[in-house]
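Below, each chain spelled out in residue letters.
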Amino acid sequence: MAQAGRFEQLWSAIVDIGRDPTTGGYRRFAWTEPDLKMREWFADECASRGLDLIEDRMGNQWAWWGDPDIDASGGIVTGSHLDSVPDGGAFDGPLGVVSALAAIDILRASGIEPHRAIGVVNFVDEEGARFGVSCIGSRVITGALSPERALALRDTDDVTMAEAMRAAGRQPEQLGADPEAVGRIGSFIELHIEQGRGLIDLGRAVAIGNRIWAHGRWRIEIPGEANHAGTTRLSDRQDAVIGCARAVLAARAAAEVHGSLATVGKISIQPGGVNAIARSATAWLDARAASEPALRATVAQIAEQVAASDAVLTEESRTPQTALDNDLVARLAGLLDDAPVMSTGAGHDAGILANAGVPAAMIFVRNPTGVSHSPAEWAEPDDCRAGVAALATVLTDLAGSEQ
Ligand code: GLV
Ligand code: MN
Ligand code: MN
């Protein structure tokens, strides 16, 4: 098959997995059936290419072309994740995995024999949509998240991650930092859909990612007092939903003051009766900034404002401002026709690996809608092919080759 058709063929095999027919969005949450189907698809594609598939202690899938253990500095790894946010787009994650397989096909069709092993990874639960903490797969293997904490995380049905993994046939007691898996990554190149408008403005199909903003998630617990909606005087009420509304507005105001981003995208109201004043509410805050001080100031301002409603803000996860590898970024820029270099406010496994000392860089592919974490996320086929070609060029160079 012509290499141009490989991407489309790979893509068409997964477009319906975990897609909600009503919204057109994807619900591929970690260890649920759609996620397991995606993992199975990945394993099958790797097997059909004769790649050696390994699952690490966390369940991340690694497929190797060549043996990464024969070189003390490991192999060249690419890939991304296959899970999604609620009603996510098709490209966030899968574009990186599909492009990795398509790039390997190009190398093989060109008769390239890499000197270093090339690996393709599917990281578990990058979005944290089910258990609340993002990039669980890379955080656990690098030791950034303890196995005890990871296994005890609960989804909205009160299922722990340990239970979910066991139900999916995994052994949660094995979970933990995996220096062997991390040590095999000589360099990591994550190709990803761009999640903003940078490439639209530049009129380019592909960019290189060099930096990830500081970001994190916080839980805000807002107390109230349950009572009757039809009989309780306004002056007698302690309504948790009012406190929740104040928290949402405080987040927006703090972001405006500090030039950052702050979002409340999920709330839970207890007990949730139309005719009952809420006993308590929980709001989850996502905050991001181009600098650590701006992020700290944003969250501190929100914490101070919500304290006026007796609400308490607790950190659930945080990723520092992350510089990807300068040398790798410069090398990619040289290889990719001086593609623009840009930072991002989106979090990625590449950032977690970079913070663990792995040389990492990213390739972004233009998203003509500029919309992400939504079914409106998109990439034109020509741009997808440009991304695959860029990745193939980078892998050929980094892995060294004989033809
Ligand atoms: C991942 O997409 C994130 O930044 O939340
Ligand atoms: Mn995402
Ligand atoms: Mn992603």
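Residues numbered from 1 in each chain as written. Chains lettered and ligands numbered in written order. Predicted model: local features only at pLDDT ≥ 70, side-chain atom pairs only at ≥ 80, totals over all residues. Heavy atoms only, no water.

Next up on the list: the coordination of the manganese ion (ligand 3). Around the manganese ion (ligand 3), the protein contributes the donor atoms His-81 (NE2), Asp-92 (OD) and His-192 (NE2), at 2.0 to 2.2 Å from the metal centre. Of note, the donors binding the manganese ion (ligand 3) are all from one chain and are spaced H-x10-D-x99-H. In this structure, the manganese ion (ligand 3) lies 3.6 Å away from the manganese ion (ligand 2), the two metals sharing Asp-92 as a donor. You can see His-81 sitting in strand E3 (residues 75-81) and its partner Asp-92 sitting in the loop between E3 and helix H3 (94-109), a full 11 residues away along the chain. (Donors = N, O, S within 2.8 Å, 3.2 Å for Na, K, Ca; no water. Helix = DSSP H or I, 4+ residues; strand = E, 2+ residues; numbered from the N terminus.)

So, on to the nonpolar core. Core analysis: the biggest nonpolar cluster contains 54 residues, and Trp-41, Phe-42, Ile-189 and Ile-363 have the highest contact counts within it. Those residues in contact with Ile-363 that lie beyond four places of it in its chain are Ile-189, Glu-190, Leu-191, His-192, Val-206, Ala-207, Leu-332, Leu-336, Ala-390, Leu-391 and Val-394. Core analysis: the next-biggest nonpolar cluster, separate from the first, contains 41 residues, Val-133, Val-140, Met-161 and Ala-360 among them. (Core = buried A, V, L, I, M, F, W, Y, C linked by side-chain atoms within 4.5 Å. Buried < 20%, exposed > 50% of the residue type's maximum accessible area, 1.4 Å probe, protein only. Contact = heavy atoms within 4.5 Å.)

Another aspect to go through is a nonpolar patch on the surface. A surface patch of nonpolar side chains, about 210 Å² in accessible area, is lined by Val-241, Ile-267 and Ile-269. With respect to the helices and strands, Val-241 occurs in helix H9 (residues 240-258). With relative accessibility at 31%, the residue Val-241 sits in the partly exposed group. (Patch = residues over 30% accessible without salt bridge, like charges linked within 9 Å, V, L, I, M, F, W, Y side chains within 5 Å. Areas by Shrake-Rupley, 256 points an atom, 1.4 Å probe, with all protein chains shown as cover. Salt bridge = Lys/Arg side-chain N within 4 Å of Asp/Glu carboxyl O.)

What follows deals with the domain arrangement of the chain. For the chain, the assigned domains are domain 1 (2-213 + 321-402) and domain 2 (215-318). The interface of domain 1 with domain 2 comprises 15 residues on the first partner and 12 residues on the second. At the boundary of domain 1 and domain 2, one finds 9 residue pairs in polar contact (both at pLDDT 80 or more). Of the residues belonging to the side of domain 1 that touches domain 2, the class tally is 4 nonpolar, 7 polar and 4 charged. (Domains from an automatic or database assignment. Polar contact = N/O pair within 3.5 Å; in protein donor to acceptor, adjacent residues only side chain to side chain. Nonpolar A, V, L, I, M, F, W, Y, C, P; charged D, E, K, R; others polar.)

Around ligand 1, a shell composed of Asp-92, Glu-126, Glu-127, Gln-195, Arg-288, Ala-346, Gly-347 and His-373 is seen. Here Glu-127 contributes a side-chain N or O atom positioned 3.3 Å from an oxygen atom of ligand 1. With respect to ligand 1, the side chain of Arg-288 contributes an N or O atom lying 2.7 Å from an oxygen atom. Notes on ligand 1: free accessible area 190 Å², of which the protein chains cover 93%. In the shell around ligand 1, the residues fall into 1 nonpolar, 3 polar and 4 charged. (Near = heavy atom within 4 Å.)

Attention now moves to the side chain of Asp-349. One can find Asp-349 in helix H12 (residues 349-355). Despite being buried, Asp-349 has no salt bridge partner; Arg-139 is the closest side chain of opposite charge, sitting 7.4 Å away. Engagement of the side chain of Asp-349 in a polar contact is seen with the side chain of Ser-138, the distance being 2.6 Å. When near neighbours in sequence (up to four residues on either side) are disregarded, Asp-349 contacts His-81, Phe-123, Glu-126, Cys-135, Ser-138, Phe-188 and Glu-190. (Lys, Arg positive; Asp, Glu negative; His and termini not counted.)

A few words now on the pairing of strand E7 (residues 206-212). In terms of residue burial, E7 counts as a mostly covered element, since 5 of its 7 residues are buried. Here E7 runs beside strand E16 (residues 360-365); their pairing, made up of 4 bridges, is antiparallel. Paired with Gly-209 across the two strands is Met-362, which belongs to E16. Summarising the sheet, E7 and strand E15 (residues 341-344) pair through 4 bridges and their orientation is parallel. Its bridge partner being in E15, Gly-209 is matched across the sheet by Met-342. Relative to strand E14 (residues 322-323), E7 runs antiparallel, the two sharing 2 bridges. What sits directly across from Arg-211, in E14, is Ala-323. (Pairing = 2+ DSSP bridges.)

As a further point, take the packing of aromatic side chains. For the coordinates displayed, the defined rule picks out 5 aromatic pairs. Here Trp-11 and Phe-91 contribute two aromatic rings whose centre-to-centre distance is 4.9 Å and whose plane-to-plane angle is 25°, an arrangement assigned as stacked. Highlighted residues: Trp-11 in helix H1 (residues 3-12) and Phe-91 in the loop between E3 and H3, separated in sequence by 80 residues. Considered together, Trp-11 and Phe-91 belong to a single accessibility category, that of buried residues. Both rings, one in Phe-91 and one in Trp-378, keep their centres 5.6 Å apart while their planes meet at 85°; by these two values the pair is edge-to-face. Here Phe-91, found in the loop between E3 and H3, pairs with Trp-378, found in the loop between E16 and helix H13 (381-399); they are 287 residues apart in sequence, far enough to count as distant. Judged by relative accessible area, which is 3%, Phe-91 ranks as buried. (Phe/Tyr/Trp six-rings, centres within 6.5 Å; stacked < 30°, edge-to-face > 60°.)

Once that is clear, we can look at the coordination of the manganese ion (ligand 2). The protein atoms that coordinate the manganese ion (ligand 2) are Asp-92 (OD), Glu-127 (OE), Glu-127 (OE) and His-373 (NE2), at distances spanning 2.0 to 2.7 Å. Between consecutive donor residues of the manganese ion (ligand 2), the sequence gaps follow D-x34-E-x245-H. What makes His-373 partly exposed here is its relative accessible area of 39%.

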